[in-house]
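# Coordinates in review
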Amino acid sequence: MNTVSVEILKDLYYMGVNDRETNLFENMWPLPEGVAYNSYLITDEKTALLDTVKITKVDGFIDSLKDNLGGRNLDYLVVHHMEPDHSGCIKTVRDLYPEVTIVGNKKTKSMMSDYLDIEIGNFVEVKDGDTLDLGNRKLTFVNTPMVHWPESMVSYESTDKILFSQDIFGGFGALNGTIFDDEMNFEFFQDEMRRYYSNIVGKYSKQAAKALQKVKALDINIICPVHGIVWRTNPDRIVDEYIKYANQVNEEGVVIAYGSMYGNTEKMADYLARFLAEEGIKNVKVFDVSKTHVSYILSEIWKYKGVIIGSCTYNNSVYPNVNQLLYTLKMNKLNNHVLGIFGSYGWSGGAVKELSEFASEGGNFEVVPTVVETKGTMKEDDVEGLKKMAKEMAGLLKAE
Ligand SMILES: Cc1cc2nc3c(=O)[nH]c(=O)nc-3n(C[C@H](O)[C@H](O)[C@H](O)COP(=O)(O)O)c2cc1C
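Residues numbered from 1 in each chain as written. Predicted model: local features only at pLDDT ≥ 70, side-chain atom pairs only at ≥ 80, totals over all residues. Heavy atoms only, no water.

### Notes on the packing of helix 6 (residues 205–216) against helix 7 (residues 235–246)
- Here helix 6 crosses helix 7 at 150 degrees, and the two axes come no closer than 9 Å. Here helix 6 is positioned roughly antiparallel relative to helix 7, judged by the angle of their axes. Judged by the sense of rotation from one axis to the other, the crossing of helix 6 with helix 7 is left-handed. Contacts between helix 6 and helix 7 involve Ser 205, Ala 208, Ala 209, Leu 212 and Lys 216 from the first element and Val 239, Asp 240, Tyr 242, Ile 243, Tyr 245 and Ala 246 from the second.
- Looking at the contact of helix 6 with helix 7 residue by residue, the classes come out as eight nonpolar, one polar and two charged. (Axes fitted to C-alpha atoms, helices over the stretch in contact; angles between N-to-C directions. Helix = DSSP H or I, 4+ residues; strand = E, 2+ residues; numbered from the N terminus. Parallel < 35°, antiparallel > 145°, perpendicular 65-115°, else oblique. Left-handed = near helix turned anticlockwise from the far one by under 90°. Contact = heavy atoms within 4.5 Å. Nonpolar A, V, L, I, M, F, W, Y, C, P; charged D, E, K, R; others polar.)

### A closer look at the site of the ligand
- Around the ligand sit 18 residues in total, of which Ser 260, Met 261, Thr 265, Thr 313 and Asn 316 are the nearest.
- Residue Gly 263 places a main-chain N or O atom 3.1 Å away from an oxygen atom belonging to the ligand.
- Considering the ligand on its own, with 640 Å² of exposed area, one finds that the protein chains cover 84% of that surface.
- Put simply, the parts of the chain that give the shell around the ligand at least two residues each are helix 8 (264–278), strand 17 (304–314) and strand 19 (335–345).
- The element contributing the most residues to the shell around the ligand is strand 17, with three residues.
- Of the residues in the shell around the ligand, the class split is six nonpolar, twelve polar and no charged. (Near = heavy atom within 4 Å. Polar contact = N/O pair within 3.5 Å; in protein donor to acceptor, adjacent residues only side chain to side chain. Areas by Shrake-Rupley, 256 points an atom, 1.4 Å probe, with all protein chains shown as cover.)

### A look at the environment of Gly 16
- For Gly 16, the location among the structural elements is in strand 2 (residues 12–19).
- Separated by 113 residues in sequence, Gly 16 and Gly 129 place their C-alpha atoms 27 Å apart.

### Details of the domain arrangement of the chain
- According to the domain assignment, the chain consists of domain 1 (3–246) and domain 2 (251–398).
- One C-alpha centre belongs to domain 1, the other to domain 2; they are set 38 Å apart.
- Taken together, the contact between domain 1 and domain 2 spans 15 residues of the former and eleven residues of the latter.
- Considering only the side of domain 1, the residues that lose the most area to domain 2 are Arg 194, Ser 198 and Lys 203, jointly responsible for 46% of the buried surface there.
- Linking domain 1 with domain 2 are one salt bridge.
- With a closest N to O distance of 3.3 Å, Arg 194 and Glu 300 form a salt bridge.
- For the side of domain 1 that touches domain 2, the elements supplying multiple residues, two or more each, are strand 4 (29–30) and helix 5 (186–201). (Domains from an automatic or database assignment. Buried area = accessible area lost by both parts, 1.4 Å probe. Salt bridge = Lys/Arg side-chain N within 4 Å of Asp/Glu carboxyl O.)

### Re the sheet that holds strand 11 (residues 138–143)
- The strand order 10-11-12-13-14 describes an open sheet built from five strands, whose pairing is mixed. This sheet does not close on itself; its edge strands, each paired only once, are strand 10 (131–133) and strand 14 (222–225). If you compare each strand with its neighbour and ignore which way they point, the axes differ by 20 degrees on average. (Pairing = 2+ DSSP bridges.)

### Describing the pairing of strand 8 (residues 101–104)
- Alternating residues of strand 8 divide into Thr 101 and Val 103 and Ile 102 and Gly 104, and every residue in both groups is buried.
- In this sheet, strand 8 lies alongside strand 7 (residues 76–78) in parallel orientation, the contact comprising three bridges. Each bridged residue has a counterpart across the sheet, and for Leu 77 the counterpart in strand 8 is Ile 102.
- With three bridges connecting them, strand 8 and strand 9 (residues 123–125) associate as parallel partners. Considered in strand 9, the bridge of Val 103 is made with Val 124. (Buried < 20%, exposed > 50% of the residue type's maximum accessible area, 1.4 Å probe, protein only.)

### Observations concerning the nonpolar core
- Of all hydrophobic cores here, the largest spans 114 residues; its most connected members are Phe 169 and Ile 309.
- Ranked by the residues each element gives to this core, the list is headed by helix 5, at seven residues.
- Looking at which domains feed residues into this core, each of domain 1 (3–246) and domain 2 (251–398) supplies at least three.
- Among all residues touching Ile 309, those that are not within four sequence positions of it are Ala 257, Val 322, Leu 325, Leu 326, Leu 329, Leu 339, Gly 340, Ile 341, Phe 342, Leu 355 and Phe 358. (Core = buried A, V, L, I, M, F, W, Y, C linked by side-chain atoms within 4.5 Å.)

### Considerations on the packing of helix 8 against helix 12 (residues 380–398)
- Packing of helix 8 against helix 12 brings their axes to within 9 Å, and their N-to-C directions diverge by 45 degrees. The angle between the axes of helix 8 and helix 12 places the two elements in the oblique class. Two packed elements cross with a definite hand, and for helix 8 against helix 12 that hand is right-handed. Facing helix 8, whose interface residues are Met 268, Tyr 271, Leu 272, Phe 275 and Leu 276, helix 12 presents Val 383, Leu 386, Lys 387, Met 389, Ala 390 and Met 393.
- Residues that form the contact of helix 8 with helix 12 fall into these classes: ten nonpolar, no polar and one charged.

### Comments concerning helix 6
- Compared with the 16 Å implied by 1.5 Å per residue over twelve residues, the 16 Å span of helix 6 between its first and last C-alpha is a close match.
- Against strand 13 (162–166), helix 5, helix 7 and helix 9 (294–303) lie the buried residues of helix 6. (Expected span 1.5 Å × (residues − 1).)

### Here's the deal with helix 7
- Here helix 7 contains twelve residues, and its C-alpha end-to-end distance of 17 Å stays within 8% of the 16 Å for a straight helix at 1.5 Å per residue.
- Elements in contact with the buried residues of helix 7: helix 5, helix 6, strand 14 and helix 9.
- Count one or two residues on from helix 7 and you reach Gln 248, which has phi positive near 45 degrees.

### Thoughts on a positive patch on the surface
- Residues Lys 203, Lys 206, Lys 210 and Lys 333 make up a contiguous surface patch of positive charge.
- Structurally, Lys 203 is set in the loop between helix 5 and helix 6. (Patch = residues over 30% accessible without salt bridge, like charges linked within 9 Å, V, L, I, M, F, W, Y side chains within 5 Å. Lys, Arg positive; Asp, Glu negative; His and termini not counted. Charge placed at Lys NZ, Arg CZ, Asp CG, Glu CD.)

What follows is the structure in structure tokens.
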């Protein structure tokens, strides 16, 4: 069995699959805890399947779909999002139920031709605010463009007040028996949820904030996302958490991320961490960029207000793995943070110069005035400089 099927309410089924084989989501993001792809089925006067799953899980998924339909035909297939982890089985479903009417918006339709290369057949094109009547239940569609694809939309079922939210409110992590929010520890999922948001949706936070405003205005009893758990007891909790992420609302604490080959820069990071602790900063996390995947570092940066980046000089430049972090921060539009920089060099330097360029190119963050750049190993002056940096960082964090 690779499809877990659970009746959420009468005639509404959760049909999710756990993926523990894929090492890298989007072939980039490590999945040590796996990931779930969720699909939902409504068996009303009309039957409607809401999204599908990744093609690698098609067999169990189709078995479960047939079981839950109990011999009935499938009337509608609603496509909220065309990313292949949710649209992967559209072709198979269409082959099995050739009369099915696919429901999507204008962009969904053209993407379906582009990605699936199929004759689309019966298709209902919906606009923002349009409703699909299934009998007892009615779905109203709300466009959520660029959260995180152009065609992304959600639907709201008004009878039972259910939001089918596609990727919004999703998270990494397979569902280990727990499907609903009241069956699990929030903290257990929180880190993987924030890592999912910051890396997958982070760049589109402005659009996400807009979409969340629309969602917040709805009266919601249950949220059914396409990854992660179903929120039936405290949906506000995940809405508020996502609003925090979208606005980069963070807490007091500092992430120090450094790149070091022979330990000089690493030593500076450790001294800084100690000085920050002496300044009363209780949450200090230090990461070696060569060891920890950038997705985890970004996720921690999303959580804490302070970020300090250190790099040794490598071929006149910043260390390549630090460069990857800078690229990631630029792409995801680091916002509402306090930034510090430091580094080391052996002869003509280069790393701190590039870090300074990153800081001055700007973003909506404050920069700690003191910058420490050591030649080789740290000297007395450098230690004093790091102390000053820590004091300034703590002052800026506590001034909030
Ligand atoms: C492969 C390599 C390339 C380097 N390239 C430069 C360089 O282009 N410019 C420079 O000033 N120092 C360069 N250095 C010197 C290092 O930046 C310097 O030794 C620094 O203190 C190393 O920090 P770490 O101990 O944290 O790795 C290089 C060192 C190595 C090993």
